[in-house]
Amino acid sequence: MATAMAPDGEFLLMARGMLEKLRDKTTRYLDLQAKFSPDHTFAQLFANMWNIKEAHSMLVPELKLYEKSDSDSIKLRNEGNIWYSKGELTRALELYNLSIMKAVHPVLPIPPTAPKLPASDGEVDWTPIQPPAYGGCDQKTNPVLAMAYANRSAVLYEMKYYNMSLVDIETALELGYPDHLVFKLNARREKCNSALETEKHEEENISGIETPPFKEDRGKRSTPTTFAQKLNERLTLPYRFLDDLEPPIIVTPNEKAPNFTSAVKVASIPGKGRGIVATRDINTGEVIGVEKAVCVNIKNEELDTYCSYCLRHCFNPIPCPSCCYVGFCSTECRTKSLSEEHWLECKLLPSMIKLGLQNKQLMYLLFKNCTFHKIKSLYNVAKMTEHNSPSKRGCDSQEIYHSSSYNTIYNLCDNLDRQPFGLLFTHCQLAFTMTKLLEKCGRFFIHRPGKKFSPSKDDLLTTGAILLSHALKVYYNPYEILDLRLKKPIGGGIFPALSLFNHSCNPSIKHYSLGRTIVHRAMRPIKAGDELTDSYISDFYDKSLESRRLALEDYLIKCECEACVEEWPMYDNLPSVEFICLGCRKKGAGGTAVCSTCIAKKVFPEKNPKDNKIVKDSIDNVWSTIFRTIKIGLRMNNQGIVTGEDFDNLCKAMNAIHEHIKSPCQAICDASNVLLKAFELGK
């Protein structure tokens, strides 16, 4: 999904103000349009932006530091105590979380992590960076932080999250909880253990609790905005185990593209560039592709309820030791994030949020655990492959398409040659602003193991050109990451392999997200030689043709799928069922299963074709298949589970439906939604 810049951030105000000032001089504005046209390279475009003096006065942001503060933490904790005393547990939990995030954290050394790299990046020095020590105080303990954890353990106990409460109790003790109050924690620990034993609680996560704090909110499904709403929505939805699901495994990986099954290949599609084509017949439900994101970001409004590394729900986060914005569901996720990616983001995220660019952070997260010298080397190595044939772009010397390779990222579609002036100029402004932030943050222009250096003008121009390249790749290639319960986007990610699927408003495959991983599966039988298509937007039956065309303008796509060419209507205007004629097997036959031409030819001799046993049995079989699909769907919605038997029957039903029913019709749309739900439930 193409991402838009936040409308209320300071960056757009700065960028618009600069452009308005330049427009005052007509001759100069016409000159700008010539300098920021698609026939320039990224390096030339950024150099042109660098040479505009207004950019240096109007696009230089301040590096915003959102310092941790024990005094602020104490205020938040005291406010939480007031709500706790009133029995408002959800509000108290929210304030204790904020108190923990805000408190000064003891220094936390993070070991450098050497990434596993494909051969195509092997020429680059990938010696791991020594990340800075995270935290604010040299002591191993901090009583203010300990008190916040202790108070949170109390509210978690009251909400019957006993295992979570025990974890917070131990953390509070480790952080130096006052000795004269330790008896309180010891008593609470005994109560938790007793409750777990007598009530036979299994280890709980936030989705395992039966009784939400606010019973009157049970059953609501509106999109949550406050912490309390998020928590209550989380508890009332029935799919209690989704956070524990693991992505499916590709049984026979593709030798040339390991993120895909061997049943497909990367191929050149006339008029579309690269795409994915079936090398054999593919059955309904087959796993086509599985890929973990190269980088992800979470929406600013969701930072308080999702782990910033694995993207799982987290209502009792453990904090980043240095910044006040991100939390993690476990020490394991925190360690991975701090060593792999957050070390740079930690200094930039406060400024990005203030600028309204937090949803653009994927642009610099592509750097991962990078310094200027490393990304420059990667970029230069990747540039040497840009003249390869389309089928080999992004591949290594063995013609293997590695998702984690920077070469693969570099060769993602950027549509530079089709950029209008306004969009291209704004992205150049964005790259300029981000270059200035990277220069100020002190964690990008460094020598190993971490000594800063002052970048030269050439260094800054190189950084800007790379950022501009990333900006357009991020604009056209990100996938939305959805919360499966609430059916809402919580962030986005870059998935270089899965970005190869081309769009259709009537796709043959569907994708869903499990944390940082996206999975693609077949929605119907696919024949060998057919292209596999995904939908970048809503399917044809959810949005009008005009709305879809407008949405696809962001991708510079004019869709020519059958739904668009034949102008298929939306769901409410579709027939319930449209049979494929049992005689000619070509035309639609409404509800009779025999078209008028075959009736006239007396392919079936009876006056009413439905009196024919073959026709009658076929119609009865289709309707029974549809009803069985509906029953499976209702059972999944009520129980939040799907059995192996139900899943097998559902795939068989989809095969039968597509064999006997002509698209478009409501029955196919309904069955497709049931199948997608089964995928999301772990089948």
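The residue numbering used here restarts from 1 in each chain and proceeds along that chain's sequence as written. Local features in this predicted model are restricted to residues whose pLDDT is 70 or higher, and side-chain atom pairs enter the listing and the counts only when it is 80 or higher, whereas totals over whole chains, interfaces and linings include all residues. With hydrogens and water set aside, each side-chain value is computed from the structure's full complement of heavy atoms.

Caption draft 1: View of the overall build of the chain. The numbering of helices and of strands both runs from the N terminus, where a helix is a DSSP run of H or I of at least 4 residues and a strand a run of E of at least 2. When helices and strands are tallied, the chain shows 23 helices and 14 strands. Residues counted as buried form 56% of the 683 residues belonging to the chain. It only takes one pair of heavy atoms within 4.5 Å for two residues to be counted as in contact. Intrachain contacts of the chain at a sequence separation of at least 6 include 71% that bridge at least 24 residues. On the chain, roughly 30000 Å² of surface is accessible, and the fraction owed to carbon and sulfur atoms is 51%. When a residue's accessible area, from a 1.4 Å probe over protein chains only, is under 20% of the maximum for its type it is buried; when over 50% it is exposed; and in between it is partly exposed. Each accessible area value is a Shrake-Rupley result obtained with a 1.4 Å probe; residue values ignore everything except the protein chains displayed when judging cover.

Caption draft 2: Broad picture of the sheet that holds strand β9 (residues 478-483). The three strands are arranged β4-β10-β9 in an open sheet whose pairing can be described as antiparallel. What marks the edges here is a single partner per strand, and that holds for β4 (295-298) and β9. Between one strand axis and the next, the sheet turns through 30° on average, direction left out of account. For two strands to be treated as a pair, DSSP must find at least two bridges joining them. Relative to strand β10 (residues 488-494), β4 runs antiparallel, the two being bridged by four bridges. Across the sheet, residue C295 finds its bridge partner in β10, namely I494. Interaxial angles span 0 to 180 degrees and are taken between N-to-C directions of axes, which are lines fitted to C-alpha atoms, for helices over the stretch in contact.

Caption draft 3: Spotlight on helix α22 (residues 644-660). With 17 residues, α22 extends 25 Å from end C-alpha to end C-alpha; this agrees with the ideal 24 Å at 1.5 Å per step. Of all the positions in α22, only D646, F647, L650, C651, A653, M654, A656, I657 and H660 are classed as buried. Expected span of a helix, by definition, is 1.5 Å for each gap between consecutive residues, and there is one gap fewer than residues.

Caption draft 4: Quick peek at the packing of helix α16 (residues 421-441) against helix α17 (residues 457-476). Where α16 meets α17, the axes come as close as 8 Å, and the angle between the chain directions of the two elements is 125°. Relative to α17, the element α16 is oriented oblique. The handedness of the crossing between α16 and α17 is right-handed. Residues L423, L424, H427, C428, L430, A431, M434, T435, L438 and E439 of α16 touch α17, and the partners they reach there are L460, T463, G464, L467, L468, A471, L472, Y475 and Y476. Any angle that falls under 35 degrees is termed roughly parallel, while one over 145 is termed roughly antiparallel, one within 65 to 115 roughly perpendicular, and all others oblique. By definition, any crossing whose near helix is turned counterclockwise from its far helix by less than a right angle is left-handed, and any crossing with a clockwise turn is right-handed.

Caption draft 5: Looking closely at the pairing of strand β3 (residues 287-292). Most of β3 is tucked away, with five of its six residues classed as buried. Pairing of β3 with strand β13 (residues 517-522), which is carried by five bridges, proceeds in the antiparallel orientation. Paired with K292 across the two strands is T517, which belongs to β13.

Caption draft 6: How the structure looks around the pairing of strand β12 (residues 509-514). Where burial is concerned, most of β12 is hidden: five out of the six residues are buried. Examined bridge by bridge, β12 and β13 share six bridges and lie antiparallel to one another. Paired with H511 across the two strands is H520, which belongs to β13.

Caption draft 7: Layout of the side chain of N502. Relative to the elements of secondary structure, N502 occurs in strand β11 (residues 502-503). Definition of a polar contact: a pair of N or O atoms within 3.5 Å, with one able to donate and the other able to accept a hydrogen when the atoms are protein atoms, and with sequence-neighbouring residues admitted only if both atoms are side-chain atoms. A distance of 3.1 Å separates a polar side-chain atom of N502 from the backbone oxygen of R274. Separated by 2.8 Å, the side chains of N502 and E531 make a polar contact. The contacts of N502, once residues within four sequence positions are left out, are I269, K272, R274, G275, E531, L532, T533, D534 and Y536.

Caption draft 8: Expanded view of the environment of C324. Among the secondary structure elements, C324 is positioned in the loop between β5 (318-319) and β6 (327-328). Given the relative accessible area of 11%, C324 is considered buried. For C324 and E67, which are 257 residues apart along the polypeptide, the C-alpha to C-alpha distance reads 7.3 Å. Ignoring any residue separated from it by four or fewer positions in sequence, one finds C324 in contact with Y66, E67, K68, M101 and K102.

Caption draft 9: View of the packing of aromatic side chains. Within 6.5 Å between ring centres, the rings of Phe, Tyr and Trp (the latter by its six-membered ring) count as paired, and their orientation is classed by plane angle as stacked under 30 degrees, edge-to-face over 60, tilted in between. Counted under the stated rule, the structure contains 22 aromatic pairs. Summarising the aromatic geometry, the rings of W50 and F432 are spaced 5.4 Å apart at their centres and angled 50° between planes, so their arrangement reads as tilted. Placement of W50 in helix α3 (residues 42-50) and of F432 in helix α16 is noted, with a sequence separation of 382 residues between them. Through a chain of ring-to-ring contacts, the aromatic side chains of Y29, F36, F421 and F425 assemble into a single cluster. Look at NZ for Lys and CZ for Arg. If either is within 6 Å of the ring centre and within 35 degrees of the ring normal, a charge sits over the ring. Sitting above the plane of the W83 ring, K86 keeps its charged end 4.9 Å from the centroid.

Caption draft 10: Representation of the sheet that holds β12. Read from one edge to the other, the open sheet built from three strands follows the order β3-β13-β12, with strand pairing classed as antiparallel. Single-partner strands in this sheet number two, and they are β3 and β12. Pairs of neighbouring strands in the sheet enclose a mean axial angle of 15°, with direction left out of account. Contacting β12 and β13, helix α23 (residues 666-680) crosses the sheet at an angle of about 35° to β12.

Caption draft 11: Main features of the confidence of the model for the chain. Note: pLDDT gives the predictor's confidence per residue, expressed from 0 to 100. In this model, the chain carries an average pLDDT of 84, and 87% of its residues clear a pLDDT of 70 or more. Low confidence marks residues 1-7, where pLDDT is under 50. Its contacts with residues over four positions away, or in another chain, come to 24 contacts. Confidence drops under a pLDDT of 50 for residues 203-223, and excluding neighbours within four residues, the segment shows 52 contacts in the predicted structure.

Caption draft 12: Main features of the nonpolar core. If you look at the biggest cluster of nonpolar residues, it comprises 127 residues, and the most contacted ones within it are M49 and F425. With sequence-adjacent residues up to four places away left out, F425 is seen in contact with M18, L19, L22, L32, F36, M49 and I52. Formed by 42 residues, the second largest nonpolar core is a distinct cluster that contains I250, V287, M636 and L675. Only buried residues count toward a nonpolar core. Its members are Ala, Val, Leu, Ile, Met, Phe, Trp, Tyr and Cys residues joined through side-chain atoms within 4.5 Å.

Caption draft 13: Broad picture of the packing of helix α1 (residues 10-23) against helix α2 (residues 26-35). Interaxial distance between α1 and α2 falls to 7 Å at its minimum, and their mutual angle equals 120°. Taken together, the axis directions place α1 and α2 in an arrangement best described as oblique. Listed contacts from α2 to L19, L22 and R23 of α1 are T26, R28, Y29 and L32. When residues are sorted by character, Ala, Val, Leu, Ile, Met, Phe, Trp, Tyr, Cys and Pro go into the nonpolar class, Asp, Glu, Lys and Arg into the charged class, and all the rest, Gly among them, into the polar class. When its residues are assigned to classes, the contact of α1 with α2 shows four nonpolar, one polar and two charged.

Caption draft 14: Just a nonpolar patch on the surface, in detail. Each patch is built from salt-bridge-free residues with over 30% relative accessible area, joining like charges within 9 Å and nonpolar side chains (Val, Leu, Ile, Met, Phe, Trp, Tyr) within 5 Å. Each salt bridge in this description consists of a side-chain nitrogen of Lys or Arg and a carboxyl oxygen of Asp or Glu lying within 4 Å of one another. Together, F627, I630 and L634 line one region of the surface with nonpolar side chains, adding up to about 290 Å² of accessible area. Mapping I630 onto the fold places it in helix α21 (residues 613-639).

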